[in-house]
Amino acid sequence: MPDNITWNILGAGAIGCLWASALHSAGRQPRLLLRDPASLQRYRAAGGVTLVRDGEAHTHAIDASCAAAVTAPLRQLLITTKAHQTLEALAPLAAQLAPDATVVLLQNGLGVAEQLRQHYPGLRIYQASTTEGAYRSAPFRVVHAGRGSTVIGAAGNSERSQLAACAAGLSAPPLAVSVSDDIERILWRKLAVNCAINPLTAIHRCCNGELLERPEVLEELHAVVEEIVCLSKALGYSDWVEGMLDTVLGVAHATGANRSSMLQDLESGRLTEIDYISGHLCRLADAKSIDLPANRALLDQLHTLETLSGCR
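Conventions adopted
- Residues numbered from 1 in each chain as written.
- Predicted model: local features only at pLDDT ≥ 70, side-chain atom pairs only at ≥ 80, totals over all residues.
- Heavy atoms only, no water.
- Helix = DSSP H or I, 4+ residues; strand = E, 2+ residues; numbered from the N terminus.
- Rg over C-alpha atoms; globule rule 2.2 N^0.38 Å.
- Buried < 20%, exposed > 50% of the residue type's maximum accessible area, 1.4 Å probe, protein only.
- Contact = heavy atoms within 4.5 Å.
- Areas by Shrake-Rupley, 256 points an atom, 1.4 Å probe, with all protein chains shown as cover.
- Lys, Arg positive; Asp, Glu negative; His and termini not counted.
- Charge placed at Lys NZ, Arg CZ, Asp CG, Glu CD.
- Core = buried A, V, L, I, M, F, W, Y, C linked by side-chain atoms within 4.5 Å.
- Phe/Tyr/Trp six-rings, centres within 6.5 Å; stacked < 30°, edge-to-face > 60°.
- Lys NZ or Arg CZ within 6 Å of the ring centre and 35° of its normal.
- Axes fitted to C-alpha atoms, helices over the stretch in contact; angles between N-to-C directions.
- Parallel < 35°, antiparallel > 145°, perpendicular 65-115°, else oblique.
- Left-handed = near helix turned anticlockwise from the far one by under 90°.
- Nonpolar A, V, L, I, M, F, W, Y, C, P; charged D, E, K, R; others polar.
- Expected span 1.5 Å × (residues − 1).
- Pairing = 2+ DSSP bridges.

1. Topic: the overall build of the protein
- Of the regular secondary structure elements, the protein holds 11 helices and 12 strands.
- In terms of overall size, the protein behaves like a compact globule, its C-alpha atoms giving a radius of gyration of 19 Å where 312 residues would be expected to give roughly 20 Å.
- Expressed as lengths along the three principal axes of its C-alpha atoms, the size of the protein is roughly 50 × 40 × 35 Å.
- Within the span of the protein, comprising 312 residues, buried residues form 49% of the whole.
- Once local pairs closer than 6 in sequence are excluded, the contacts in the protein between residues at least 24 apart make up 67%.
- Counting only carbon and sulfur atoms, one obtains 50% of the accessible surface of the protein, whose full area is about 13900 Å².
- Across the protein, the 26 positively charged side chains and the 31 negatively charged ones have centroids separated by 8 Å.

Below, the structure written as structure tokens:
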């Protein structure tokens with residue numbers, strides 16, 4: 001997979017714009033695929049993507065188009081949309097997707113890869129995880145707040161050479177993507193952290209670190225993690241959740257001042273990713289006839305809050 005192949009990026013949030021800016025700076029000529037003509041008009045009015053790093057702002061005039069207006073075959077697609085938006089966002093591109101296109105999922109939650117394999121069985125689907133810190137301060141304006149690492153992998157690790165080429169194609173200073181032979185474990189542990197922190201911060205309307213300061217909320221967090229560990233063992237993932245509680249507590253402490261994306265979505269009246277976080281966990285538990293009362297309660301409470309805010 002040559003580095004000069006165009007990467008199409010579906011999702012112009014913080015991570016999508018961060019990657020588009022890095023690739024553009026490296027001369028890769030990425031293309032942002034936007035939702036509709038109104039989004040494209042706002043993008044043009046903004047003059048492109050502005051990336052703020054170390055206090056300096058640089059605007060990148062990245063090629064962009066409406067997803068529905070794409071006519072040429074798509075062979076490389078990086079998806080950074082919210083998990084629940086993926087199928088709808090991808091639908092206008094279905095006719096343009098090459099039968100064996102490479103699709104990389106870089107998003108929170110699990111379950112989307114399985115849906116894509118069902119709807120688009122020929123696609124080469126990879127999953128990625130990043131700890132790069134980025135947030136959107138305004139439409140098409142992204143702050144790169146902290147350096148992290150990014151890994152990419154595939155179930156079964158049967159495509160090492162293709163994965164290596166894909167990782168190289170998505171690497172552009174200062175972003176580096178490496179191949180992981182352990183992507184399923186990495187994504188599972190990330191799911192566990194999100195299941196424990198995100199719903200609780202959204203329900204209690206608090207920053208991550210405040211979960212550690214409220215005894216009754218900390219008790220909820222412990223119960224959620226305990227259930228995840230029990231389910232993991234039933235699924236044969238015992239070694240994936242070693243030290244899981246310490247990891248969750250460590251993340252909550254290290255990101256103490258952060259307001260989770262789930263909390264931000266709820267406050268903005270947007271649908272959250274709960275169905276692909278706690279919801280995914282509960283679906284797996286149901287298939288094993290395992291009860292997860294603490295996680296199920298969080299899922300139900302988020303559904304109620306989404307309904308009350310008018311987004312469900």
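Additional details are given in the paragraphs that follow.
2. Comments concerning the nonpolar core
- In this structure, Met-244, Val-248 and Leu-281 are the most contacted members of the largest nonpolar core, which totals 40 residues.
- Where this core is concerned, the elements lending two or more residues are helix 6 (183-204), helix 7 (215-234), helix 8 (244-254), helix 9 (261-267), helix 10 (278-287) and helix 11 (293-308).
- Per-element accounting of this core gives the leading share, 12 residues, to helix 6.
- Here Met-244 is in contact with Arg-189, Ala-192, Val-193, Val-225 and Val-229, once residues within four sequence places are set aside.

3. Some remarks on the packing of aromatic side chains
- A full pass over the atoms with the stated rule returns 3 aromatic pairs.
- Between the NZ or CZ atom of Arg-283 and the centre of the ring of Tyr-276, over which it lies, the distance is 6.0 Å.

4. Looking at the packing of helix 10 against helix 11
- Taken N-terminus to C-terminus, the directions of helix 10 and helix 11 make an angle of 135 degrees; their axes are 9 Å apart at the nearest point. Considering the angle they form, helix 10 stands oblique to helix 11. By crossing handedness, the relation of helix 10 to helix 11 is classed as left-handed. Residues Ser-278, Gly-279, Leu-281, Cys-282 and Asp-286 of helix 10 pack against Asn-295, Arg-296 and Leu-299 of helix 11.
- Here the contact of helix 10 with helix 11 is built from residues that sort into 3 nonpolar, 3 polar and 2 charged.

5. Considering helix 1 (residues 14-25)
- For helix 1, which comprises 12 residues, the first-to-last C-alpha distance of 16 Å matches the rise-based estimate of 16 Å (1.5 Å per residue) to within 8%.
- The element helix 1 is extensively covered by neighbouring structure, given that 10 of its 12 residues are classed as buried.
- The set of residues buried in helix 1 consists of Ala-14, Ile-15, Gly-16, Cys-17, Leu-18, Trp-19, Ala-20, Ser-21, Ala-22 and Leu-23.
- With its phi angle positive at about 80 degrees, Gly-27 sits one or two positions after the end of helix 1.

6. Considering the sheet that holds strand 6 (residues 74-79)
- Strand order in this open sheet of 8 strands is 5-2-1-6-7-8-11-12, and the pairing throughout is mixed. Of all strands in the sheet, those bounded by a partner on one side alone are strand 5 (63-66) and strand 12 (177-179). Neighbour-to-neighbour, the strand axes of the sheet open up by a mean angle of 30 degrees, direction not taken into account.
- Note that strand 2 (residues 31-34) and strand 5 share 4 bridges and pair parallel. By the bridge assignment for strand 5, Leu-32 is matched with Ala-64.
- In the packing of helix 5 (residues 160-170) onto the sheet, the strands contacted are strand 6, strand 7 (97-105), strand 8 (124-130), strand 11 (150-153) and strand 12, and the crossing angle to strand 12 comes to about 170 degrees.

7. Observations concerning the pairing of strand 6
- Of all 6 residues in strand 6, 5 are buried, a share of seventy percent or more.
- With 3 bridges connecting them, strand 1 (residues 8-10) and strand 6 associate as parallel partners. Residue pairing for strand 6: Leu-10 is matched across the bridge by Ile-79.
- For strand 6 and strand 7, the ladder comprises 5 bridges, and the chain directions are parallel. When the sheet's bridge partners are listed, Gln-76 is paired in strand 7 with Thr-102.

8. Regarding the sheet that holds strand 3 (residues 49-53)
- Overall, mixed pairing links the 4 strands, which are arranged 4-3-10-9 in an open sheet. In the strand order of this sheet, the two ends are held by strand 4 (56-60) and strand 9 (133-138), each with one partner. Across the sheet, the mean angle from the axis of one strand to that of its neighbour is 25 degrees, orientation sign disregarded.
- Sheet topology places strand 3 next to strand 4; 5 bridges connect them, and they run antiparallel. Counterpart to Thr-50 in the pairing with strand 4 is Thr-59.

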